[in-house]
Every structure is written in structure tokens, then in C-alpha cells.
Amino acid sequence: MMRFLKPNELVQQVYNDGIVELNEKVPSLDEYETPIPGQYTYALQLKSWWRTLGITSQEDLNAKAIEKTLTKKIGVPGNQEVSSRWRAFIGTREFEIFRAYYNYKKDETEISLVEVDK
């Protein structure tokens, strides 16, 4: 027998597609605390489980307007402070954060990603 959801019954979201590390790109400094051009280190800001979300046609169109191609869209639980200046690392792949948005209905932060060519 099939069981249907009752009206207003909550369904728990599952974040089990992997772990994402969100890192801030910080310029490397020399012994005089002067930034070295072209050299960077990464400072960990957030490490969280994530789930895959679908890329909407509107988001794809917005990215293509500035000549970027969205690669992935993920959701992390809760209202996370995410900056578009950070980088996301999933496994060995590096991504630029295109857009971060808090979806209050699902209580998750949606992050649109563009893969960085190495």
C-alpha cells in the first residue's frame, strides 16, 4: 500500500552527494607583509555536506550574458554566509562561486558554480 504525504507534512532533505570546502583566496605575503603578485593561498571558511540541485534556464541565461557557463548547482543546509569571492573545492575539482542564495522555504543555501580550468 502506498503512503501519501499529508498536507503540510515536512520531508527531510538529504545532503549526501559529497563534501564541499569553501575557501577564501588570500594573496601570499613576503617577509615584509607585501602581497606577492600572482601567488595565493586558500583559507578554509566552510566545510559542509551538499546535495545536487538543478540549474534553471534563467540562471543559465544570466551566466551566459557575462560569458560564463554554469557547471553545477549545489545546496548546503542552513543559512550560510557565502561570498562570491570564495572558491569551492569538491574532490579535486575547483569551482568559482557564481551566485549564492538562501532559500528560506527549504532552509538551505543554494550555490551556483562555474568550473575553473587549471
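An account of the accompanying structure is given in this report. (Residues numbered from 1 in each chain as written. Predicted model: local features only at pLDDT ≥ 70, side-chain atom pairs only at ≥ 80, totals over all residues. Heavy atoms only, no water.)

Helix and strand counts for the protein chain come out as 1 helix and 6 strands. Ordering the α and β elements of the protein chain from the N terminus gives β-β-α-β-β-β-β. Computed over C-alpha atoms, the radius of gyration of the protein chain comes to 18 Å, more than 25% over the 13 Å expected from 2.2 N^0.38 for 118 residues, which places it beyond the range of a compact globule. Relative to its full complement of 118 residues, the protein chain shows a buried share of 31%. Pairs at least 24 residues apart make up 55% of the contacts formed inside the protein chain by residues separated by at least 6 positions. Here the protein chain has roughly 8500 Å² of accessible surface; of this, 50% comes from carbon and sulfur atoms. The centroid of the 16 positive side-chain charges in the protein chain is displaced by 8 Å from the centroid of its 18 negative side-chain charges. (Helix = DSSP H or I, 4+ residues; strand = E, 2+ residues; numbered from the N terminus. Rg over C-alpha atoms; globule rule 2.2 N^0.38 Å. Buried < 20%, exposed > 50% of the residue type's maximum accessible area, 1.4 Å probe, protein only. Contact = heavy atoms within 4.5 Å. Areas by Shrake-Rupley, 256 points an atom, 1.4 Å probe, with all protein chains shown as cover. Lys, Arg positive; Asp, Glu negative; His and termini not counted. Charge placed at Lys NZ, Arg CZ, Asp CG, Glu CD.)

Here we have 6 strands rolled up into a closed barrel, ordered β1-β2-β3-β6-β5-β4, and antiparallel in their pairing. Each strand of the sheet is rotated relative to its neighbour by a mean of 45°, with strand direction disregarded. (Pairing = 2+ DSSP bridges. Axes fitted to C-alpha atoms, helices over the stretch in contact; angles between N-to-C directions.)

The quantities given are spatial measurements derived from coordinates; they are silent on function.
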